[in-house]
Amino acid sequence: MQVDNPAHDLAILQFHDQCRQRGVQLVLLPIPDKAQLQSAQLSRFDESIAPLNNPDFQRFVAELRAHGVEVIDVLPPTIAPADRRFLVQDTHWTPEWMDHVARQVAERLRSEAATKSVKQPEQVTRLGDLVDMLRLPAGQTLFHPQTVTVERIVESPGKPADILVLGDSFSNIYSSDQMGWGDSAGFVEHLAFHLGRPVDRLVRNDAGAHATREMLAKEFQRGHDRLAGKKVVIWEFAARELACGDWRMIPLTLGTKREVGMYTPSAGKVVEVRGVVRAASPAPRPGTVPYKDHIVMVHLTELESSEDPTAAGKEAVAFVWSMRDNVATKAARYRAGDQVRLRLRRWADVAAKYEAINRSELDDEAVLLAEPNWGEVLP
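Each chain carries its own residue numbering, running from 1 in the direction its sequence is written. Whole-chain, interface and lining totals are the exception, using all residues; otherwise, since this is a predicted model, local features are given only for residues with pLDDT of at least 70 and side-chain atom pairs are given and counted only at 80 or more. Neither water nor hydrogens contribute to the side-chain values; these are computed over all heavy atoms in the structure.

Things to note about the pairing of strand β9 (residues 294-304)
Every other side chain in a regular strand lies on the same face of the sheet, so the side chains alternate between the two faces.
And then number 1: Only protein chains enter the accessibility calculation, which uses a 1.4 Å probe; a residue whose area is less than 20% of its type maximum is buried, one above 50% is exposed, and one in between is partly exposed. Here a strand is any run of E in DSSP of at least two residues, a helix any run of H or I of at least four, and the numbering for each starts at the N terminus. Burial analysis of β9 places 9 of its 11 residues in the buried class, the great majority of the element.
And then number 2: One bridge is not enough; two strands pair if DSSP finds at least two bridges between them. With 5 bridges connecting them, strand β8 (residues 271-280) and β9 associate as antiparallel partners. Counted as the bridge partner of A279 is H299 from β9.
And then number 3: Where β9 lies against strand β10 (residues 316-324), 7 bridges are found, and the strand directions are antiparallel. Pairing of V296 across the sheet is with V320, part of β10.

Things to note about the packing of helix α4 (residues 95-108) against helix α7 (residues 187-195)
And then number 1: Axis separation between α4 and α7 bottoms out at 8 Å; the angle between their running directions is 45 degrees. When the axes of α4 and α7 are compared, the pair comes out oblique. Considering how the two elements wind past one another, α4 and α7 form a crossing that is right-handed. For the pair α4 and α7, the contacting residues are M98, D99, V101, A102, R103, V105 and A106 in the first and F187, H190, L191, H194 and L195 in the second. Between N-to-C directions, angles cover 0 to 180 degrees, with each direction set by a line fitted to C-alpha atoms, over the stretch in contact for helices. Here is the rule for angles: anything less than 35 degrees is roughly parallel, anything more than 145 is roughly antiparallel, 65 through 115 is roughly perpendicular, and the remaining ranges are oblique. By convention, the crossing between two helices is left-handed when the near helix turns anticlockwise from the far helix through less than a right angle, and right-handed when the turn is clockwise. What makes two residues a contact is simply this: any of their non-hydrogen atoms within 4.5 Å.

Here's the deal with the sheet that holds strand β1 (residues 25-31)
And then number 1: Strand order in the open sheet formed by 5 strands is β2-β1-β7-β5-β6, and the pairing between neighbours is parallel. At either margin of the open sheet sits one strand with a lone partner, and together these are β2 (70-71) and β6 (200-203).
And then number 2: This element, α7, spans β1, β5 (163-167), β6 and β7 (232-238) of the sheet and lies at about 155 degrees to β5.
And then number 3: Helix α8 (residues 211-221) contacts β5, β6 and β7 of the sheet and is inclined by roughly 115 degrees relative to β6.

Quick word on the pattern of salt bridges
And then number 1: Salt bridges are defined by distance alone: a side-chain nitrogen of Lys or Arg within 4 Å of a carboxyl oxygen of Asp or Glu. In the structure shown here, the tally under the stated rule is 26 salt bridges.
And then number 2: A salt bridge links R240 to D33, with the shortest nitrogen-to-oxygen separation between them at 3.2 Å. Of this pair, R240 sits in the loop between β7 and α9 (241-244) while D33 sits in the loop between β1 and α2 (34-37), placing them 207 residues apart in sequence.
And then number 3: In this structure, the salt-bridge partner of R359 is E361, at a minimum N-O distance of 2.9 Å. As far as the burial class goes, R359 and E361 line up, both buried.
And then number 4: In the salt-bridge network here, residues are joined through shared partners; they are D200, E219, R226 and K230.

Set out below in structure tokens:
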């Protein structure tokens, strides 16, 4: 296939082949940008018009479909001045349009063995990420909060999920309370509701072109096969990634689980430790990135703990907050040689809550293969 812009085409086709080799169907779900669908907020028009789109988009879709990649195009044929698919002061979709897209995707997939789930309406009030990025003083009166009704999905236990969603902040917006718009009411929950079956997820704010594929690849490296038993992978990302995303090629090689000698507390336990920082991944400067929270990876050595003598002398890997609500934390300034105190628990115990937050990681094979911890920094 000859392509005019090979970067995203080749990365998508590589991932399609990786899924196909495992007997998994790849479904692509690009989410249109706010500027495409709410042009009335940027210009003046008083009648329905066709939404803005890249003129090459349909060629891109046709070529991918010709290679067996399922692409779900949710761009409506026309938009009217009164249409509101996005939050007023935020770059993300409304709960109503998100649910509409979830229903649309569910209709394209075959449902099996339905599980019971219930919707619980809940009101959420927030200013929005566009106002966050202005960094206005507390008590500002230029912008007023928006109140929306989200529908939390309460699921009953069912069989293991055979659908995996790789998603960015559009999948995360109503699922993670860290984003301020409620929890358990996002795209993945609503998709599961409309399908009547459980759905697995790997989600990370921003960088939808590569971030979740890297998360999947690192799980594979550690010997965790997240594609085992899966029939479908839905890859959701903001459509703007097609123009400006980092479409790097990422190998997907299943490694062997092996012990690398790093310390982790027993499951469900929280242990206070002292240690020395060997390395810490980079932390962004507050106000320079779209999201207000960030997590760094820290490699610790020379551990000691009065609560768990087995930690003595070992090394450990921990994820810790580096930025909260656009304020840098103590860990953002960690440097090699710093002596630190942390409360550690297994990352697996908290991953469901923190995995979606933007984070950086160290580029060290031994560290990446280690079972990580979640660390709470102590004075």
